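Each chain, written out:
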Amino acid sequence: MIDAAQIDHLAALARLELTAEERQTMQDDLTRVLGYFEQLKDVPTGGAEPMQRPVTLVNVLRDDVPGETFPQSVVSALAPETEGGFIRVPRTVEAD
């Protein structure tokens, strides 16, 4: 069973702010999901061959050929904000 401390830890990792009701709902849901995994232990898998994927995947990649590049002055002119020759972008992750 999942306990409240584990829910708080998962919420912190996912950067979620949960109400007490949401925390309890998540705890119940995750406990139920783990219960399904416990049921899978009872499935007979003796003759099944291990496999990584149900289908064979093949990557189709293009040749890595350098192409035309833009001069730094053009790129800098298109950027909304620059600093020291670099393009400045908005922060996407807040750190605690």
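Definitions and cut-offs
Residues numbered from 1 in each chain as written. Predicted model: local features only at pLDDT ≥ 70, side-chain atom pairs only at ≥ 80, totals over all residues. Heavy atoms only, no water. UniProt positions renumbered as here; feature names shortened; annotations may be inferred. Helix = DSSP H or I, 4+ residues; strand = E, 2+ residues; numbered from the N terminus. Salt bridge = Lys/Arg side-chain N within 4 Å of Asp/Glu carboxyl O. Buried < 20%, exposed > 50% of the residue type's maximum accessible area, 1.4 Å probe, protein only.

For the protein, the name recorded in an unreviewed UniProt entry is Aspartyl/glutamyl-tRNA(Asn/Gln) amidotransferase subunit C, with Deinococcus wulumuqiensis as its organism. In its Sequence similarities (unreviewed entry) section, UniProt records this for the protein: "Belongs to the GatC family." As stated in UniProt under Subunit (unreviewed entry), the record for the protein gives "Heterotrimer of A, B and C subunits."

(A) The arrangement of unusual backbone geometry in detail. Its identity as a non-glycine residue notwithstanding, Arg15 has a phi of 55°, on the positive side. Note on placement: Arg15 falls in the loop between helix H1 (4-13) and helix H2 (20-40).

(B) How the structure looks around the pattern of salt bridges. This model, assessed by the stated rule, comprises five salt bridges. We note a salt bridge from Arg32 to Asp29, for which the minimum N-O separation is 3.3 Å. Linking Arg32 with Asp29, this pair stays in helix H2, spanning three residues, or about one helical turn. Residue Asp29 is classed as partly exposed on the basis of its relative accessible area, which comes to 33%. Here Glu83 makes a salt bridge to Arg88, at a shortest N to O gap of 3.3 Å. Each member of the salt-bridge network shares a partner with another, and the members are Glu81, Glu83 and Arg88.

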